[in-house]
Amino acid sequence: MAETMAKPVGICDTTLRDGHQSLLATRFSTDDIMQVASLMDDVGYAAVEVWGGATFDTCMRYLNEDPWERLRKLRRAFSKTKLQMLLRGQNLVGYRHYSDDVVDEFVKRAVANGIDIIRIFDALNDPRNYERAMYAAKKEGAHVQAAIAYTISPIHSIDYFADEAAVLQGLGADSIAIKDMAGLLLPYDAYRLVKAIKDRTGLPVQMHSHYTSGMAAMSYLKGVEAGADILDCAMSAMALASSQPACETMAATLKDTPYDTGLDLGKFDVINNILKNTRKRYSKFDNTDPRVDTNVLRYQMPGGMISNFISQLKDSNELDKLQVVLEEVPRVREDMGYPPLVTPTSQIVGSQALLNVLLGERYKMATNEVKAYFRGEYGAPPAPMNKEVQHKVIGDAEVITCRPADLIKSTFEEAKKEIGAWSESPEDILLYIMFPQVAKPFLETRMAGKTRVEYDMLGVETNAKGKEVGYIPV
């Protein structure tokens, strides 16, 4: 059994990925990121999270940028610091499962273009959806960090998550991340959870939480006391609210203790001043109201999910039904076997809850994603699904019991033939496979040397009325 010992704690800076994804709809351009990259390289971080999540999609969709080129530029700028990315298991950086050959190729290219650490998670914590990505990352020589999506339900306990960590260790995890995407992890539960995982696995544990509920810094401190090795934080200019705790706060808290991060607080000033000025230019996307949202503790959903409900209900002139929708989410989640609410399950559960309320009848209509979920196409939920609801949604359709990706045929070579002359590299083919409707015009116009659309100074694609086009899930 692992023994908890006080030791220096590392900081992973999330500013360039989850920080601006959480606060500014992932809108930082590569040029803005490069303003601070080399300065951040001198701080002494354990790692910097720079890629994955929604960054891949938004680069093309809104900024007319190549996400692979962004990664290559970042790799050149960070000569001393490890680069980390977030990967959604078999979903990669998209919103559905991809074939094993695509997973292999994507991981291979991510490592070749500069990624050192790949954090791999699955929205259902289904080990089968981790397997291939973990195998591919190990094969390419990356550090394989398996992340457990933390949530609260009648079946999610400390033992449940410790068991999951042990299974992921068996699949080859080099470290374990606790991914608290909604800020639900209570401080004393954080202590118990970190200690349980350390006791079961002996692996390094990295904590990732959002400040949404106002508890993350307290949970980090208790996690450190239990033996957590690395904390995910953002520069103070891009911290708190739905982002992570501030790097400076945690470094100062641990200074002159056995957990001292060794970071020089003076090195943060110049970087933060640049980020503060940069952030002003993205004010239309700024998601910091409220700065602390305790609703997340009641409804157990990420703050961005509630914001999406408000937006959609306003469009339907049904804002008075917000409370009813919020109360419907836990019921839908129970029907679906208590999935953690993280991409893509947060969108699946949320959209169905909204439909149930707006149509006045539960499951009168179901989205294609909800049907696929009840057929088992996303994997096995943590608990059994409601059989009556399942039958109402999919009738007598066969339910998948195998690893979902086993039913997906190889697609890389076929996609290579489809895009033909637009492709200059395997990376281009991967763009097309994951986001065909966005990648095709992006690649075509790049080949023709044209600008796909007109962009305003923030890199936002607009239509004739000046309204933003498209939507990136939280």
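Above: the structure in question.
Quick caveat, the model's predicted, so the values are computed rather than measured.

A. Just the overall build of the protein, in detail. Regarding its fold elements, the protein presents 20 helices and eight strands. For 474 residues, the compact-globule estimate of 2.2 N^0.38 gives 23 Å, and the C-alpha radius of gyration of the protein, at 21 Å, lies within 12% of that figure. Across the 474 residues in the protein, those meeting the buried criterion constitute 58%. Of the contacts formed within the protein by residues at least 6 apart in sequence, a portion of 75% connects residues at least 24 apart.

B. Just the nonpolar core, in detail. Tyr45, Trp51, Phe78, Leu87, Phe106, Ile118 and Leu231 are the most contacted members of the largest nonpolar core, which totals 111 residues. Beyond its immediate stretch of four places on either side in the chain, Phe78 contacts Leu16, Ala37, Met40, Asp41, Val48, Val50 and Leu83. Counting 30 residues, the second-largest nonpolar core is a separate cluster that includes Phe309, Leu354, Tyr373 and Val389.

C. Quick look at the side chain of Glu427. Following the sequence through the fold, Glu427 ends up in helix H19 (residues 426-434). In this structure, Glu427 is buried with no salt-bridge partner, the nearest side chain bearing the opposite charge being Arg109 at 4.2 Å. Side-chain polar atoms of Glu427 contact the side chain of Asn113, separated by 2.9 Å. Aside from chain neighbours lying at most four places away, what touches Glu427 is Trp68, Arg72, Arg109 and Asn113.

D. Highlighting the packing of helix H1 (residues 15-24) against helix H2 (residues 30-41). Put simply, H1 and H2 touch, their axes get as near as 12 Å, and they point 135° apart. With respect to H2, the element H1 is oriented oblique. Along the contact surface, H1 presents Thr15, Leu16 and His20, while H2 presents Ile33, Val36 and Met40. Along the lines of polarity and charge, the residues of the contact of H1 with H2 split into four nonpolar, two polar and no charged.

E. Geometry of the packing of aromatic side chains. Throughout the structure, instances matching the rule amount to 15 aromatic pairs. Grouped by ring-pair contacts, the aromatic residues Trp51, Phe56, Trp68, Tyr95, Phe106 and Phe435 constitute a single cluster. Across the ring face of Tyr62, the terminal group of Arg27 is positioned such that the distance to the ring centre comes to 3.8 Å.

F. The arrangement of empty space enclosed by the protein in detail. All told, the structure shown has one cavity of 30 Å³ or more when counted by the stated rule. Quantified by volume, the largest cavity comes out at close to 60 Å³. Around the largest cavity, the lining residues are Arg88, Asn91, His97, Phe121, Asp122, Ala123, Leu124, Thr343, Pro344, Thr345 and Tyr378.

What counts and how
Residues numbered from 1 in each chain as written. Predicted model: local features only at pLDDT ≥ 70, side-chain atom pairs only at ≥ 80, totals over all residues. Heavy atoms only, no water. Helix = DSSP H or I, 4+ residues; strand = E, 2+ residues; numbered from the N terminus. Rg over C-alpha atoms; globule rule 2.2 N^0.38 Å. Buried < 20%, exposed > 50% of the residue type's maximum accessible area, 1.4 Å probe, protein only. Contact = heavy atoms within 4.5 Å. Core = buried A, V, L, I, M, F, W, Y, C linked by side-chain atoms within 4.5 Å. Lys, Arg positive; Asp, Glu negative; His and termini not counted. Salt bridge = Lys/Arg side-chain N within 4 Å of Asp/Glu carboxyl O. Polar contact = N/O pair within 3.5 Å; in protein donor to acceptor, adjacent residues only side chain to side chain. Axes fitted to C-alpha atoms, helices over the stretch in contact; angles between N-to-C directions. Parallel < 35°, antiparallel > 145°, perpendicular 65-115°, else oblique. Nonpolar A, V, L, I, M, F, W, Y, C, P; charged D, E, K, R; others polar. Phe/Tyr/Trp six-rings, centres within 6.5 Å; stacked < 30°, edge-to-face > 60°. Lys NZ or Arg CZ within 6 Å of the ring centre and 35° of its normal. 1 Å grid on protein atoms, 1.4 Å probe; cavity = no way out; pocket = protein on both sides within 12 Å on 5 of 7 lines; lining within 4 Å. Points joined across faces, edges and corners; volume = space filled by probe spheres on them.

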